[in-house]
Amino acid sequence: MATTAAAAATTTIGVSSLVRTPSLDISTRRVLLYRFDKPRSSSSLLKVCGAAPRLFVPSAIASPNSVLSEEAFKGFRRLSKSPLEEGEDEEEEYGSDAYNSEEEGSGSSSAAAGQDKDELAIASLDLPPQLVSTLEKRGITHLFPIQRAVLLPALEGRDIIARAKTGTGKTLAFGIPIIKRLSEGDEWQRKSRQSGRLPRVLVLAPTRELARQVEKEIKESAPYLSTVCVYGGVSYNIQKNALIRGVDVVVGTPGRIIDLVNENSLRLGEVQFLVLDEADQMLAVGFEEDVEVILEKLPSERQSMLFSATMPGWVKKLARRNLNDPLTIDLVGDRDEKLAEGIKLYAIPTTATSKRTILSDLVTVYAKGGKAIVFTQTKRDADEVSMALTNSIASEALHGDISQHQRERTLNGFRQGKFTVLVATDVAARGLDIPNVDLIIHYELPNDPETFVHRSGRTGRAGKEGTAILMFTSSQRRTVKSLERDVGCRFEFISPPQMQEILGSSAEQVVATLQGVHPESIQYFLPTAQRLTDEQGTQALAAALAHLSGFSQPPSSRSLINHEQGWVTLQLTREPGYTRGFFSARSVTGFLSDVFPAAADEVGKIYLIADERIQGAVFDLPEDIAKELLNKQLPPGNSLSKITKLPTLQDDGPTTDNYGRFSNRERGYRGGSSRDRNQRGFRSSGARDSNSDDGLRRGGRVYRTDNSWSRSPRGSEDDWLLGSRRSSRSSSYGNRDRSFGGTCFNCGRSGHRASDCPNK
Ligand SMILES: Nc1ncnc2c1ncn2[C@@H]1O[C@H](COP(=O)(O)OP(=O)(O)OP(=O)(O)O)[C@@H](O)[C@H]1O
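Residues numbered from 1 in each chain as written. Predicted model: local features only at pLDDT ≥ 70, side-chain atom pairs only at ≥ 80, totals over all residues. Heavy atoms only, no water.

Asks: How would you summarise the overall build of the chain if you had to cite specific residues and measurements?
Replies: The number of helices and strands found in the chain is 33 helices and 20 strands. Within the chain, the fraction of its 760 residues that count as buried is 52%. For the chain, the exposed area adds up to about 34900 Å²; of that, 48% sits on carbon and sulfur atoms. (Helix = DSSP H or I, 4+ residues; strand = E, 2+ residues; numbered from the N terminus. Buried < 20%, exposed > 50% of the residue type's maximum accessible area, 1.4 Å probe, protein only. Areas by Shrake-Rupley, 256 points an atom, 1.4 Å probe, with all protein chains shown as cover.)

Asks: Go over the environment of Val437, please, and point to the residues and values.
Replies: Inspection of the secondary structure assignment puts Val437 in strand E14 (residues 437-442). Separated by 66 residues in the primary sequence, Val437 and Lys371 have C-alpha atoms spaced 4.8 Å apart. Filtering out sequence-adjacent residues up to four positions away, Val437 remains in contact with Lys371, Ala372, Ile373, Phe414, Arg458, Thr459 and Gly460. (Contact = heavy atoms within 4.5 Å.)

Asks: So what's going on with the site of the ligand? Residues and values would help.
Replies: In the neighbourhood of the ligand, 20 residues make up the surrounding shell, with His142, Gln147, Lys170, Asp433 and Arg461 lying closest. At 3.4 Å from an oxygen atom of the ligand is found a side-chain nitrogen or oxygen belonging to Arg138. Interatomic distance of 2.7 Å between a side-chain N/O atom of Arg461 and an oxygen atom of the ligand. Look at the ligand: alone it shows 640 Å² of surface, and the protein chains cover 91% of it. Top element by residues in the shell around the ligand is helix H12 (residues 170-183). It accounts for 3 residues. (Near = heavy atom within 4 Å. Polar contact = N/O pair within 3.5 Å; in protein donor to acceptor, adjacent residues only side chain to side chain.)

Asks: Explain a nonpolar patch on the surface to me, using residue names and the numbers behind them.
Replies: A contiguous nonpolar surface patch, about 400 Å² in accessible area, is contributed by Leu514, Val517, Ile522, Leu526 and Leu548. Tracing the backbone through its elements, the reader meets Leu548 in helix H28 (residues 538-548). On the basis of relative accessible area, Leu548 is assigned to the exposed category, the value being 52%. (Patch = residues over 30% accessible without salt bridge, like charges linked within 9 Å, V, L, I, M, F, W, Y side chains within 5 Å. Salt bridge = Lys/Arg side-chain N within 4 Å of Asp/Glu carboxyl O.)

Asks: Explain the pairing of strand E15 (residues 466-472) to me, using residue names and the numbers behind them.
Replies: A large share of E15 lies buried, amounting to 7 of its 7 residues. What you see with E15 is no split at all: Gly466, Ala468, Leu470 and Phe472 on one side and Thr467, Ile469 and Met471 on the other are buried throughout. Regarding topology, helix H24 (residues 449-456) serves as the crossover connection from E14 to the parallel E15, and that connection is right-handed. (Right-handed = clockwise from strand over helix to strand, strands pointing away.)

Asks: Could you give an account of the environment of Arg245, naming the residues involved and the relevant values?
Replies: When you line up the elements, Arg245 lands in helix H15 (residues 236-245). A relative accessible area of 57% means that Arg245 is categorised as exposed. Expressed as a C-alpha distance, the spacing of Arg245 and Leu198, which sit 47 residues apart in the sequence, is 9.4 Å. Each residue touching Arg245, except ones within four places of it in the same chain, is listed here: Ser195 and Gly196.

Asks: So what about the sheet that holds strand E9 (residues 327-330)? Which residues, and what values?
Replies: Ordered in space as E5-E6-E4-E7-E8-E3-E9, the 7 strands form an open sheet in which the pairing is parallel. The sheet is open, and its two borders are formed by strand E5 (227-230) and E9, each paired with just one other strand. Put simply, the sheet's adjacent strands are angled 15° from each other on average, direction ignored. Both strand E4 (residues 201-204) and strand E6 (residues 249-252) contribute to a ladder of 4 bridges, which runs parallel. In the strand pairing of E6, Val203 is matched with Val251. Lying on the sheet, helix H16 (residues 254-262) is in contact with E4, E5 and E6; it crosses E5 at an angle near 105°. (Pairing = 2+ DSSP bridges. Axes fitted to C-alpha atoms, helices over the stretch in contact; angles between N-to-C directions.)

Asks: Before we move on, can you summarise the sheet that holds strand E17 (residues 567-574) with the specific residues and values?
Replies: The 4 strands are arranged E18-E19-E17-E20 in an open sheet whose pairing can be described as antiparallel. Each edge of the sheet is formed by a strand with only one pairing partner; in this case those strands are strand E18 (606-608) and strand E20 (638-642). For this sheet the average axis-to-axis angle between neighbouring strands, irrespective of direction, equals 20°. Across 8 bridges, the pairing between E17 and strand E19 (residues 615-622) is antiparallel. Directly across from Trp567, in E19, lies its bridge partner Pro622. This element, helix H31 (residues 623-630), spans E17, E19 and E20 of the sheet and lies at about 130° to E19.

Asks: Hey, could you go over the packing of aromatic side chains for me, with residue numbers and the actual values?
Replies: Applying the stated rule across the entire model yields 5 aromatic pairs. When the ring of Tyr346 is compared with that of Tyr366, the centres are 5.3 Å apart and the planes differ by 55°; the resulting orientation is tilted. Placement of Tyr346 in strand E10 (residues 343-349) and of Tyr366 in helix H20 (residues 355-367) is noted, with a sequence separation of 20 residues between them. On the basis of relative accessibility, which here comes to 13%, the residue Tyr346 falls in the buried class. Ring centres of Phe472 and Phe493 lie 5.9 Å apart, and the angle between their planes is 90°; this geometry places the pair in the edge-to-face category. (Phe/Tyr/Trp six-rings, centres within 6.5 Å; stacked < 30°, edge-to-face > 60°.)

Asks: Which residues make up the pattern of salt bridges, and what are the values?
Replies: As enumerated under the stated definition, the model contains 24 salt bridges in all. A salt bridge links Arg163 to Asp330; the shortest N-O distance between them is 3.0 Å. Placement of the pair is Arg163 in strand E3 (residues 160-163) and Asp330 in strand E9, with a sequence separation of 167 residues. For Asp330, a relative accessible area of 15% puts it in the buried group. Note that Arg461 and Asp433 form a salt bridge whose closest N and O atoms lie 2.7 Å from each other. Residue Arg461 is located in the loop between H24 and E15, and its partner Asp433 is located in the loop between helix H23 (426-429) and E14; the two are separated by 28 residues in the primary sequence. Judged by its relative accessible area of 15%, Arg461 falls in the buried class. We classify Asp433 as partly exposed; its relative accessible area is 28%. Taken together, the shared-partner salt bridges connect Arg138, Lys216, Glu217 and Glu220 into one network.

Asks: A description of the confidence of the model for the chain should follow, citing residues and the corresponding values.
Replies: Here the chain averages 72 in pLDDT, while 68% of its residues score no lower than 70. Low pLDDT, under 50, characterises residues 653-746; the predicted model gives this stretch 180 contacts beyond four residues in sequence or across chains. Within the model, pLDDT remains below 50 along residues 751-755, and this stretch shows 22 contacts once partners closer than five positions in the same chain are excluded. We note a pTM of 0.60 for the whole complex and an ipTM of 0.97 for its interfaces. (pLDDT = per-residue confidence, 0-100.)

Asks: Which residues make up the environment of Leu503, and what are the values?
Replies: Along the chain, the position of Leu503 falls in helix H26 (residues 499-514). Judged by its relative accessible area of 25%, Leu503 is partly exposed. On a C-alpha basis, the gap between Leu503 and Leu545 in space is 9.9 Å, while along the polypeptide they are 42 residues apart. With near-sequence residues (within four places) excluded, Leu503 lies in contact with Phe551 and Pro555.

And the structure:
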């Protein structure tokens, strides 16, 4: 048997020799650190990695003797396909182009690359032909690194603890060896025909969606096995009937499995393979007790594989108690970037009021009509954000309060492209494998680095490219930096898309949609189109594009500072000779009072330009006021202009809107204003609601202290009280305990507030 032979070929070496062996170290680094340039095809993971990973990193709970199965893997291929590799019956078995054994020894790099790739070719492994063919039909022809790393030890029957980046094929990493082992031998032939047979494989998943996905992956790879998925929220009957008919693989969530076990519909006495998928998430969603109960009911003679992104104490304990001398396979590493290659990361500063407007612009510009998932912290946010988006972009919410039936309909609709934006909470979207998601938006900061990795990992799957954007407020800037450190990634900081970009992307999306219009429909419109073109030329087509893009009316201007509609950002610069003392925010308000008092009254945030050679500031004004101001005669030495791009601004360090000492921070709510805010271009529901919501939801987020991530001790809904009290204390009164990172308005020096200024 290939398995036995492979086991015999296994080389066992100690950890220290692994670490000391430079060639091994180098090749592993190649796997872990290689960056994608522009991988596009599903096999690009292989192209990029070249060789399979070589290092199994033992953890505290792993065997001290980790196994280097490189040689064994080669042995597995050689033994399984010896005629090919030894040059016997080559033509007869595989045809002349199946494998060029001469190239193997040529030493040319292309030959080496070919060899690496061939090494991973699924067809050249000793797997059941049916499995090879179903995988091939799904475009799966070569093993991904985690699949290669797991294959041999799993076939040897080792218990395994494994970690790999998101979307890199963990399901088939355990799926392929288990399917192979289930499908071989006389016992299988006999058992596969028995009705009422008991499951030999149990896969535990933390969420229904993940369980469904694992079921799908196994069913599609091995349709000849009976795979049943059991999870809560749907009727028991269908699941029970399937179990009664006889089953090979049960995939499910712990709660429903226990229910079925307790009423004797599911008997676990013949389970030979246990898989714990996303074990750390079992803890996060409160399944730890259920998992422990299920494990106690399993036969002790079995093989167990545990996949987990992190190793919290409970998972370690679980592994210690239930796994037998496990081999740890870690393809992530602690110091390397934990995100799959090919995911471009951006971070964008926002404010509570501008978030929703920016969100739809980000989707327009960065998803370019493709699929996007927006992550929120709470179910209510998911509903509200989805509702707000629906005005401009087809979108649906996914969270735990939505019935299982509707959740499945929503996911199918998203998969099929019936709508393009899914707004989801973390639990609902964990582990989802939706092909071709182009964009992930973290509308709210994730609770911890792992959640960030999992959210972002919904894009850039199976070697494809993707984009993830983190939205944050100025008070969260430090958390963003910590996230970079913890995840080992770098964000590119971006500004909200400019109107020109939004218009351009909207038009491109319309053009893409036009390609889907049926030629027969087009025929009906040709005469009118011809007439319009004759009369107006390209103007007619541009009008149609503008209308279809949702811009029948010219777009209203937007602030570059907080992106609110109906506001514009102006830049004031002053020649040095005309400045009395330091140029400060006070200088701006003084200037406005002199030139146009209404502008001084309405001015929004003021930021000083961070260029020592320029004395200047940028600030927001309502569009109509700005227009009037720009027509005023200015005092000598001052110049004022409407800008389309923000210059670099001085430290926005204060957690408060401190520049607003001279500004109208609460302008959306300020009583006593004589002006009608809606006329001013406020998005009447958008701006106001989003502000209050975000205030409400501020809790439940992580309060990061001492560089550690911690969930607030209280539940997310009432947590905001704690959070908002904290934040209101710091925003209204300033948090004097913290060092102040901004610039004093009085003397212009940094490090203290104007109220504490020694020169006041
Ligand atoms: N060898 C392969 N070649 C091509 N595609 C593959 C291969 N293995 C898996 N895939 C595909 O890659 C996608 C991601 O796989 P999978 O969902 O197992 O990833 P994962 O590592 O479990 O991700 P997550 O951690 O996010 O749950 C799936 O659509 C799967 O069918």
